[in-house]
Amino acid sequence: MIYIIVPTFARVEETKKFLNSVQNSIEKEYLLLIIDDHPDKLTYKNIEQNKRVKILTSDKELWWVGSINLGIQTLFEQYDLKDDDIIIFANNDIQIDKKSFDILYTEIQKDEFQIVHPRTFNQDGIEVSSGAKIFSFFPYITKHPKNFKEEKKVIDMGTARFLMMSSVVLKKVGYINKELVQYLGDNDFTLSAKRYYDINTYILRDAICRLDDTQTGIKNNNIKNIKELYKSFFSIKSPNNLKYRYRFFKKFFGSIGAIFIVASMTLNVFVKYIIRQIKLIVYFL
């Protein structure tokens, strides 16, 4: 059995496109657990439930981390997970094809003690990050593997656009850090798997997913000025949020270690912002 946990917040048409891609790509038995976190329950009202689609709702706002954890809780409490079952954390703004799904699935069959993810291409055909390899925590230095030659590339922190694992892995790693809210939950799950259980996460070269990145939160590449940059350090909708970065790293390195790592990351954000502004000035000269 394949279980797919999908957090949603409105964007019903994107969810329908995702459901169609899953239907066209997976021939095996599967169940989609869709978590509708919108106060008006738009997904619940507009998408029909059936034997392959179940929609979960909550009385309180869950955000991404809470939605995934609700899906995990539902699997643990309501379903009899077998060791050969497959679990997927997915976002509704992607689409997957049959070839890519089969490559991911086959890789898990080779070794159930791993997590796999496809390469990610946005709506313009540009490859974007599917995860990061950490070379140093202080100073904070990472690399995001893209267009690599190896069949699979190990990473420390994966994204959850279409993150696949066996139920054995899910049972070992368990829930995402409940102190997180919107961002870093996927990083927490994959880094926890590596550091606590020696379970690696890989990006597979020949599997891809297509990302609709036209509707995004606050990201470094769309920050226009210093005021927006400053706000990004405190917005719950930004991966730059200082509080949640601190909570994320505190779990692994303690309070003091987290302070130094977050300080290094924040400096990196400033430097990259300045470089982007200089490039823009040079471009328009």
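Residues numbered from 1 in each chain as written. Predicted model: local features only at pLDDT ≥ 70, side-chain atom pairs only at ≥ 80, totals over all residues. Heavy atoms only, no water.

> Looking at this model, I keep getting lost on unusual backbone geometry. Mind explaining?
In most cases, non-glycine residues show a negative phi, while peptide bonds are predominantly trans. Cis geometry marks the peptide bond from Phe 138 to Pro 139; its omega dihedral reads 0°. The topology assignment puts Pro 139 in the loop between β8 (131-137) and β9 (140-143). Residue Arg 11 is not a glycine yet carries a positive backbone phi of 50°. Its location among the elements puts Arg 11 in the loop between β1 (2-8) and α1 (12-25). Even without being glycine, Leu 184 reaches a positive phi, approximately 80°. Following the sequence through the fold, Leu 184 ends up in the loop between α5 (167-173) and α6 (185-197). (Helix = DSSP H or I, 4+ residues; strand = E, 2+ residues; numbered from the N terminus.)

> Any chance you could explain a nonpolar patch on the surface here in plain terms?
Together, Phe 138, Ile 256, Ile 259 and Phe 260 make up a nonpolar patch on the protein surface, roughly 440 Å² of accessible area in all. Within the fold, Phe 138 resides in the loop between β8 and β9. Take Phe 138: its relative accessible area is 52%, and that puts it in the exposed class. (Patch = residues over 30% accessible without salt bridge, like charges linked within 9 Å, V, L, I, M, F, W, Y side chains within 5 Å. Areas by Shrake-Rupley, 256 points an atom, 1.4 Å probe, with all protein chains shown as cover. Salt bridge = Lys/Arg side-chain N within 4 Å of Asp/Glu carboxyl O. Buried < 20%, exposed > 50% of the residue type's maximum accessible area, 1.4 Å probe, protein only.)

> Can you help me understand the packing of aromatic side chains in this one?
The way to describe two aromatic rings as a pair is by their centre distance and the angle between their planes. Evaluated as defined, the whole model comprises 16 aromatic pairs. Here the aromatic rings of Phe 137 and Phe 249 are separated by 6.4 Å at their centres, their planes lie at 80°, and the arrangement is edge-to-face. Of the two residues, Phe 137 sits in strand β8 while Phe 249 sits in helix α8 (residues 242-284), which places them 112 residues apart along the sequence. Take Phe 249: its relative accessible area is 1%, and that puts it in the buried class. Look at Tyr 196 and Phe 252: their rings are 5.8 Å apart centre to centre, the planes differ by 25°, and that puts the pair in the stacked class. With Tyr 196 in helix α6 and Phe 252 in helix α8, this pair connects stretches of sequence that are 56 residues apart. Classification of Tyr 196 as partly exposed rests on a relative accessible area of 43%. Of the residues examined, Phe 252 reaches a relative accessible area of 11% and is grouped as buried. Taken together through their ring pairs, the aromatic side chains of Phe 137, Tyr 140, Tyr 196, Phe 248, Phe 249, Phe 252 and Phe 253 make up a single cluster. (Phe/Tyr/Trp six-rings, centres within 6.5 Å; stacked < 30°, edge-to-face > 60°.)

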